[in-house]
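# Observations on the model geometry
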Amino acid sequence: MDIIIVGAGLTGLTAAIRLAEGGARVRILEMAPLAGGRTRSFLEPTLNTWVDHGPHLLIGAYEATNKLLNDVHAAEYVHWQSALNLPLWEKDRGFFSLSTSQRLPFPLALMLATYRLPSHGISSVLSMLGIAKDLQFGKSAANAETVSQWVERLHLAPMLYQDFIEPLCLGAMNELPESANAASFKAVLDAAFANHQTARLGWFTRPLQQALIEPLCNKASLLGVEIITHCRVTHIQTEAGRHGKLITSSGELRCDTIVLAVPPNIRDQITGQTQATKPVPHRPITNIHMWFKEKFQLPAPIMGALATYGQWFFDVSQQHQNQYDYTHICAIISADNEQHDKAWKLNAVIGELRQMTGMKELTPFHHRMITVKAATHQVNPADKIEFEACMVDACEQPLPGEFPATIEAAVMRGEAASKQLLTIS
Ligand SMILES: Cc1cc2nc3c(=O)[nH]c(=O)nc-3n(C[C@H](O)[C@H](O)[C@H](O)COP(=O)(O)OP(=O)(O)OC[C@H]3O[C@@H](n4cnc5c(N)ncnc54)[C@H](O)[C@@H]3O)c2cc1C
């Protein structure tokens, strides 16, 4: 079987590895100079170091990702907490964390951790119990129900909403609860709340280029996969529904089967579906990388911040085990509504960092602000497009109840596409 995969992001690379393991001849066409897609890094010229376009957070429930990382010998580049510890900061309450004790069974540990959160108490514990009960026995959320509506239906305590639901919703779904799909949010909570292992957080201990993309590309090339970069696919045709023909910036190519692993709106352009389909809605993420001469550490490598502009602060130096002689912090603005200009955003997150650390003069000697406009595609109840037999759709278009746009969903799509093709052959 001769297969061409369009797109060398995580979905395309996963599909390529699994298909090549199954004996297929695989080529990947990638328009960028390097593989990696949204999980790529770039070489920052001022510091001569790899920097992630967006630092990524993992949860223990990412089973497919974990397996893939093991298979490509990249598991050593992920640090896992021993149990859930969600560090949070708020101006009035300072640092605190939702951390579960491994000595107790997970549900009990979660209730106790909730009880111990400052300004919480029995009402938050009862709300957490309500969530657990709803996940296990509740009726499934209607396709269009939002997280806010779900929270209202469960009468959750306002403090739990503010300290738990909102940061998790932004982190996992890149959306505010007002618009995020409840069924998909529940799918994440359900998977994460299974036990201590699934609930913990993880992060990469090296830039994604070294921790994820190089191991994937090395594995792919060992299996004979050809990754052709600088090659933009502009148009795809099928020949009698049985063969694929791709028009690319480097000429025409033919194959038995095409796997589409590009963002969905690009899929619709290159397959000529734009008339028949509505654009898949997407959300931006802004990452503000800041480098400081002062050596300091945040209380944890990843911090959620409440009632602030920067919603998550990644202490990249700490994540990368302090191998630099400066401090690298990245502030994340999920679902950035882009109401403010760059200078305002930078000042806002520097001000928040100063408050967090008590270092009043803190000023970065260098910064880099990156807004990824289509960072994640929203959960959307639209019908999926039916393609001819020689084309497999592995693009990010989560349906209600499915995992939202995450690296886990990307790996699962790559795995599913390869299984589908290997079963047919
Ligand atoms: C800033 C940011 C932060 C994120 N944080 C997290 C996180 O913390 N945790 C998490 O789980 N997920 C996170 N995500 C989401 C996650 O990165 C994505 O869901 C996932 O990487 C999507 O992978 P993909 O392979 O499907 O798509 P992509 O990574 O977009 O790959 C598609 C590839 O196709 C290529 N391509 C596009 N058009 C063409 C063409 N015409 N011809 C050839 N090639 C083409 C692109 O260059 C790209 O390499 C984040 C995303 C961003 C942007």
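Cut-offs and rules
- Residues numbered from 1 in each chain as written.
- Predicted model: local features only at pLDDT ≥ 70, side-chain atom pairs only at ≥ 80, totals over all residues.
- Heavy atoms only, no water.
- Axes fitted to C-alpha atoms, helices over the stretch in contact; angles between N-to-C directions.
- Helix = DSSP H or I, 4+ residues; strand = E, 2+ residues; numbered from the N terminus.
- Parallel < 35°, antiparallel > 145°, perpendicular 65-115°, else oblique.
- Contact = heavy atoms within 4.5 Å.
- Nonpolar A, V, L, I, M, F, W, Y, C, P; charged D, E, K, R; others polar.
- Left-handed = near helix turned anticlockwise from the far one by under 90°.
- Pairing = 2+ DSSP bridges.
- Near = heavy atom within 4 Å.
- Polar contact = N/O pair within 3.5 Å; in protein donor to acceptor, adjacent residues only side chain to side chain.
- Areas by Shrake-Rupley, 256 points an atom, 1.4 Å probe, with all protein chains shown as cover.
- Domains from an automatic or database assignment.
- Buried area = accessible area lost by both parts, 1.4 Å probe.
- Salt bridge = Lys/Arg side-chain N within 4 Å of Asp/Glu carboxyl O.
- Buried < 20%, exposed > 50% of the residue type's maximum accessible area, 1.4 Å probe, protein only.

Between helix α6 (residues 158–173) and helix α7 (residues 182–192), the least distance of the axes is 11 Å, while the angle of their chain directions is 95°. Of the possible angle classes, the one that applies to α6 and α7 is roughly perpendicular. Listed contacts from α7 to I165, L168, C169, A172 and M173 of α6 are S184, F185, V188 and L189. Partitioned by chemical class, the residues of the contact of α6 with α7 number eight nonpolar, one polar and no charged.

When two helices pack together, their arrangement is given by the angle between the helix axes and the distance between those axes. Viewed as axis vectors pointing N to C, helix α1 (residues 10–21) and helix α2 (residues 63–71) meet at an angle of 60°, and their least axial separation amounts to 12 Å. Accordingly, the angle class assigned to the pair α1 and α2 is oblique. As for the relative orientation of α1 and α2, their crossing is left-handed in sense. Of the residues in α2, those in contact with L10, T14 and R18 of α1 are K67, L68 and D71. Looking at the contact of α1 with α2 residue by residue, the class counts come to two nonpolar, one polar and three charged.

All right, on to the sheet that holds strand β11 (residues 233–239) then. Overall, antiparallel pairing links the three strands, which are arranged β11-β12-β13 in an open sheet. The outermost strands of the open sheet, each flanked by one partner alone, are β11 and β13 (251–255). Mean inter-strand twist for the sheet, computed between neighbouring axes without regard to direction, equals 20°. The sheet contact formed by strand β12 (residues 243–248) and β13 spans five bridges and is antiparallel.

A few words now on the site of the ligand. The full set close to the ligand counts 33 residues, and T11, E30, R38, H56 and E396 are the nearest of them. T11 is positioned such that a nitrogen or oxygen atom in its side chain is 2.6 Å from an oxygen atom of the ligand. Between the ligand and R413 there is a distance of 2.8 Å, counted from an oxygen atom to a side-chain nitrogen or oxygen. Coverage of the ligand by the protein chains reaches 94% of its 1000 Å² of free accessible surface.

Quick look at the sheet that holds strand β18 (residues 327–334) now. Taken in spatial order, the seven strands make up an open sheet running β8-β7-β16-β17-β18-β15-β19, and their pairing is mixed. Edge positions in the open sheet fall to β8 (94–99) and β19 (366–377), since each of these has one partner strand only. With strand direction ignored, the average angle separating the axes of adjacent strands in the sheet is 25°. The pairing of strand β15 (residues 282–292) with β19 spans nine bridges and is antiparallel.

This part covers the pairing of β12. Both β11 and β12 contribute to a ladder of six bridges, which runs antiparallel. Residue pairing in the sheet places I236 in a bridge with L246 of β12. The loop that links β11 with its antiparallel partner β12 comprises three residues; one of these, A240, has a positive phi angle of about 55°. Counting the residues in the hairpin turn of β12 and β13 gives two residues.

This part covers the domain arrangement of the protein chain. The domain architecture assigned to the protein chain consists of domain 1 (2–48 + 64–70 + 205–280 + 379–424), domain 2 (98–196) and domain 3 (282–377). Here domain 1 and domain 3 have C-alpha centroids that lie 30 Å from each other. Each partner contributes to the interface: domain 1 provides 17 residues, whereas domain 3 provides 16 residues. Taking both sides of the interface into account, the surface hidden between domain 1 and domain 3 amounts to around 1300 Å²; carbon and sulfur atoms contribute 58%. Remark: the boundary between domain 1 and domain 3 carries one salt bridge. E44 is the partner of R368 in a salt bridge, and the nearest nitrogen-oxygen pair spans 3.2 Å. Inspection of the region where domain 1 meets domain 3 yields seven residue pairs in polar contact (both at pLDDT 80 or more). Those elements that place two or more of their residues in the side of domain 1 that touches domain 3 are β3 (41–44) and α10 (264–270).

All right, on to the pairing of β18 then. Burial runs high along β18: eight of the eight residues are buried. The side-chain alternation of β18 yields two buried faces, one formed by T327, I329, A331 and I333 and the other by H328, C330, I332 and S334. As paired strands, β15 and β18 are joined by eight bridges and run antiparallel to one another. In the sheet register, F292 faces β18, and the bridge partner there is T327. Examined bridge by bridge, strand β17 (residues 312–315) and β18 share four bridges and lie antiparallel to one another. Residue pairing across strands places F314 opposite C330, the latter belonging to β18.

Once that is clear, we can look at α7. Counting buried residues in α7 gives nine out of 11 residues, a clear majority hidden from the surface. Listed in full, the buried residues belonging to α7 are A182, A183, S184, F185, K186, A187, V188, L189 and A192. Where α7 is buried, its residues contact β5 (57–59), α4 (122–137), α5 (147–154), α6 and α8 (196–199). Of the residues flanking the start of α7, the one acting as N-cap is N181, its side-chain oxygen 3.1 Å from the backbone nitrogen of A183.

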